Amino acid sequence: MAVGPIARMVAQAVILTASVLARALPAAYAQAVQNAKKGGAQAASGPAGSMLGKARISRDEALQVLNLTEGEVTVESIKKQYDKYFAANAIEKGGSFYLQSKIYRAKELLDEYEEDKKKEAEKGSEVTVESIKK
């Protein structure tokens, strides 16, 4: 009877698989908990971050995407380049949603930098006006 040895080998394979999983799953869970305690969800998901999270690009990359140089950056130039490239990559015209999202993120980041620069300039002018009054 050949069924006996085959059944025994299948049973051994099932038992071996179950024992490996019984050791591996708790260890993986413990590692995930440890990663979450160290740095939150960002550390657990790795350096790339979550696909659902908001991805940040660097200022240099944003300037490259909108084809601007450091000296050319103004609110008007950002808007002009954004409109030009966003329209050129419209999905209706056969463009790319990926490129549109890169263009949008670049505009968003550069607008943020310009707003911060404006706030710092206002703070600096307030300080000089107050020091003159004294």
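The sections below set out a description of the structure shown in this document.

This part is about the overall build of the chain. Check the secondary structure of the chain and you find 4 helices and 0 strands. In the chain, the succession of helices and strands from N to C terminus is α-α-α-α. A total of 134 residues make up the chain; the buried ones form 17% of that total. Partitioning the intrachain contacts of the chain with sequence separation of at least 6 by distance along the chain shows that 52% fall at a separation of at least 24. Accessible surface computed for the chain: about 10,500 Å², of which carbon and sulfur atoms make up 62%.

It is worth spelling out helix α3 (residues 75-88) at this point. Compared with the 20 Å implied by 1.5 Å per residue over 14 residues, the 20 Å span of α3 between its first and last C-alpha is a close match. Those residues of α3 not exposed but buried are Ser 77, Ile 78, Gln 81, Tyr 82 and Tyr 85. Seen from one end, α3 has its buried residues packed into an arc of 130°, which puts them on one side. Seen from the open side of α3, the exposed residues pointing more than 90 degrees away from its buried face are Glu 76 and Lys 80.

To continue, consider the environment of Phe 97. Tracing the chain through its elements places Phe 97 in helix α4 (residues 97-133). Along the primary structure Phe 97 and Phe 86 are separated by 11 residues, whereas in three dimensions their C-alpha atoms are 9.6 Å apart.

What follows deals with the side chain of Glu 114. When you line up the elements, Glu 114 lands in helix α4. According to the relative accessible area criterion, Glu 114 is buried, its value standing at 13%. Beyond its immediate stretch of four places on either side in the chain, Glu 114 contacts Val 73, Thr 74, Val 75 and Ile 78.

A word on the packing of aromatic side chains. In the structure shown here, the tally under the stated rule is 1 aromatic pair. Seen from the ring of Tyr 113, Arg 59 lies directly overhead, with NZ or CZ sitting 4.8 Å from the centre. Directly above the aromatic system of Tyr 82 lies the positively charged group of Lys 107, at a separation of 5.3 Å from the ring centroid.

Rules used throughout
Residues numbered from 1 in each chain as written. Predicted model: local features only at pLDDT ≥ 70, side-chain atom pairs only at ≥ 80, totals over all residues. Heavy atoms only, no water. Helix = DSSP H or I, 4+ residues; strand = E, 2+ residues; numbered from the N terminus. Buried < 20%, exposed > 50% of the residue type's maximum accessible area, 1.4 Å probe, protein only. Contact = heavy atoms within 4.5 Å. Areas by Shrake-Rupley, 256 points an atom, 1.4 Å probe, with all protein chains shown as cover. Expected span 1.5 Å × (residues − 1). Arc of directions from axis to C-beta. Phe/Tyr/Trp six-rings, centres within 6.5 Å; stacked < 30°, edge-to-face > 60°. Lys NZ or Arg CZ within 6 Å of the ring centre and 35° of its normal.

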